[in-house]
Protein chains: 2
Amino acid sequence: MEYRFSDNADVLKPSAIREILKLSSAPGIIPFSAGNPAPEAFPTDIIGGITESLFKTDPIGMLQYSVTEGYMPLRNYVKDYMAKKYRTGSDDDEVLITCGAQQVMSLAALSFCQKGDAIICESPSFVGSINALKLSGAELVGIPMQQDGMDIAALENELSTRKNVKLIYIIPNFQNPTGITTSEEKRKQIYALACKYNVLIIEDNPYGDLYFKNPPPATIKSIDTENRVIYAGSFSKVLSPGLRIGYAIAGKPIIAKFTALKQTQDVHSNILAQHICYKFMSEHDFEGHLNNLRDIYTKKAKLALDLAEEYLSDTVTYTKPDGGLFMWCTLPDSIDMTAFVKKALEYMVAVVPGTAFLTDAAIACNSFRINYSTPTDDELKRGFAALKQALDTFK
Amino acid sequence: MEYRFSDNADVLKPSAIREILKLSSAPGIIPFSAGNPAPEAFPTDIIGGITESLFKTDPIGMLQYSVTEGYMPLRNYVKDYMAKKYRTGSDDDEVLITCGAQQVMSLAALSFCQKGDAIICESPSFVGSINALKLSGAELVGIPMQQDGMDIAALENELSTRKNVKLIYIIPNFQNPTGITTSEEKRKQIYALACKYNVLIIEDNPYGDLYFKNPPPATIKSIDTENRVIYAGSFSKVLSPGLRIGYAIAGKPIIAKFTALKQTQDVHSNILAQHICYKFMSEHDFEGHLNNLRDIYTKKAKLALDLAEEYLSDTVTYTKPDGGLFMWCTLPDSIDMTAFVKKALEYMVAVVPGTAFLTDAAIACNSFRINYSTPTDDELKRGFAALKQALDTFK
């Protein structure tokens, strides 16, 4: 039979990143295209040990149904931890455990948005979130990124001229794909504008702990006095993405609605994975582990930036992130981005075309994203050299 | 701030079952209200051993990102297994690994339905699916259940008078909540009607392996020559619900769309859980395990039916399932169902009010659901005796 999809589903095409991820796992391809934690960042022995002990002490609890809201000790621990360490979340907020932070964007979009609404996001932004937001039927409006975050004038212009904006979606720390961090000043301005125009903010913060030198500015959620910010947290970059555990911190009515929606998507998140996160946070040296991660990524980023200086800086401009996993590279007008990405693949390096991160893939874009956490140091060296070779073919 | 939810999300209230599940976990309450596998049904030692060996042989693989479609060996194994054992799935079909079968209903509804559309389901039906289908914005149309499945005349009447039906949702085996099995004849009729009126079928089959004496009739998917049936399978009732692993078998364009949508919900399902399911199916005695489950539930069901005969049959009529986990009880008109369910809670037994399973909770309903898999044998005995006491207060 012929299938006719719904209007909302019709706009969704398989994510370019996922498709390139598949390519990037082809033998011999150097994966500058992924967003994977470095293999050495996983505390495999500790998680293996936790898992073994969980199956010894409560095997049925690891396999039986659980509640949609999430494993209560993990919810409580996350709530206390985020409140104490980051002043993120208040007594009027609640925590929901989700299948990765990705699910927070899906729940927020479906809870609040529909056809006729608009959602504002950074441009470029994370493709997985863009698709989750689009699936609600809302129109996505991208605000150009500057060195210190969104162009505030452009943001206010959209908020003041459109009457239908429901959400502002932002990755304030070491943004995916640009690596840009929103300044403290701009965080306050964005929050003030959200209040002025009565819209919600989704603050997506998977990378905040992965700073190189200094912690990023305080979360927007920490200055949220109106329960206007939905904070999306994740264990993917600080513990394991394969576990698929993230969380939302938001006003109680929002979490109640998210819970009802999550029931329709997956009933609850894998319960063993929730126990693993709880035990790792509460019974092991989580802060020491984060310090270790910061060491790993600081070194990786330094190597990548040194190599970019050596091989790319003649031709390509690029961001210099203070944390996270990504840098954003822009080609001169004389080189076609899509042609370059294809050429790079011939030289056995996969990078992600910048168009993948735009609200509309038809917008002109001469940038591409590099991830430096997935490749080994040797792959970084060979990869940047290969990018240089690919660039040289355009001379 | 005050929150304004989207029209679709507005119709979703927290599931009555989930709320009662919370009550049913209060100390001392006998849980006739759950849908949990019996604790003795979990192969805890084997799964513990599998998990330990997975962390020894491929620790990083258990923690790293994976692909949205699911772990390839599991997808292939499920595809072969279902094709060989049940002639379910063809070369034109593909398999997607999901977060429980629940996610299949979410993906199908969002992929195909929107405001203005209608979805047909059995009445009563599983509340989690009802909510997933409703979230698309479509109208739900319930078809009354008879001893052998949906009332076919009523089904054809709806299909012929409505021009906007997109999906028929059916649980053909040991249905939740009624325990009813759709006859072979009716399966063929339903499929023929779906072809005649060009609508898709979602065949949700979490309980099919849990038959007491004879296997149920062949799946509707096994007679599907037009890739019209979306088959939803689950490991929740045959291995573990806490792992949250299910799957869809459907036409390739459908699975491609589902994959794009799943990316927006959770990126992929927990990868460790996928490996566990694969190892358990492929390296252990899966058929022996299923036989063991059938023994457990056959005994539980027999005990429950004997107790129902002893304590309820004077006053209450009830279904006599040939498999699965549930029986559906109907009170005489003289007893108000909601009052009875509350009274039963006073007597320390939780059952689920039948209204929870209707497309519209305002429809009159004098039935309630009993689950006999979660309580221990002793709890079954005490629980049925307590229901009798609660009934007697209405004399």
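Just so you know, these numbers come straight off a predicted model, no measurement behind them.

Overview of the domain arrangement of chain A
A common way to express how large an interface is: the accessible area buried when the components associate. Residue and element names in this part refer to chain A. Each assigned domain of chain A is listed here: domain 1 (7-43 + 288-392) and domain 2 (45-283). Averaged C-alpha coordinates put domain 1 and domain 2 at centres separated by 24 Å. Each side of the interface is counted separately: domain 1 has 32 residues, and domain 2 has 38 residues. For the side of domain 1 that touches domain 2, the secondary structure elements donating two or more residues are α1 (7-10), α2 (16-24), α11 (286-311) and β11 (326-330). For the side of domain 1 that touches domain 2, the element with the most residues is α11, which contributes six residues. Split by residue class, the side of domain 1 that touches domain 2 holds 19 nonpolar, nine polar and four charged.

Considerations on the sheet that holds strand β2 (residues 93-98) of chain B
All names here are of chain B. One open sheet holds the eight strands; their spatial order is β2-β9-β8-β7-β6-β3-β4-β5, and the pairing between them is mixed. Two strands close off the open sheet at either side, each with one partner strand: β2 and β5 (149-150). With four bridges joining them, strand β3 (residues 118-123) and strand β6 (residues 165-170) adopt parallel strand pairing. Residue pairing in the sheet places Ile 120 in a bridge with Ile 168 of β6.

Describing the environment of Ala 248 of chain B
Residues and elements named next belong to chain B. When you line up the elements, Ala 248 lands in strand β9 (residues 246-251). C-alpha of Ala 248 to C-alpha of Phe 258: the two residues are ten residues apart in sequence and 9.0 Å apart in space. If sequence neighbours within four positions are ignored, Ala 248 has contacts with Leu 96, Thr 98, Val 104, Ile 230, Tyr 231, Ala 232, Ile 255 and Phe 258.

A closer look at the relation of the copies chain A and chain B
Placing chain A over chain B gives an RMSD of 0.0 Å and needs a rotation angle of 180°, together with 0.0 Å of translation along the axis. Both copies are brought into coincidence by an operation consistent with a two-fold rotation axis. The position closest to the rotation axis in chain A is occupied by the C-alpha of Glu 52 of chain A, lying 3.1 Å away. Interface overlap between copies is the fraction of interface residues in one copy that are interface residues in the other; for chain A against chain B it reaches 100%, indicating a shared surface.

Cut-offs applied
- Residues numbered from 1 in each chain as written.
- Chains lettered and ligands numbered in written order.
- Predicted model: local features only at pLDDT ≥ 70, side-chain atom pairs only at ≥ 80, totals over all residues.
- Domains from an automatic or database assignment.
- Contact = placed C-beta atoms within 7 Å.
- Helix = DSSP H or I, 4+ residues; strand = E, 2+ residues; numbered from the N terminus.
- Nonpolar A, V, L, I, M, F, W, Y, C, P; charged D, E, K, R; others polar.
- Pairing = 2+ DSSP bridges.
- Least-squares fit on C-alpha atoms with pLDDT ≥ 70 in both.

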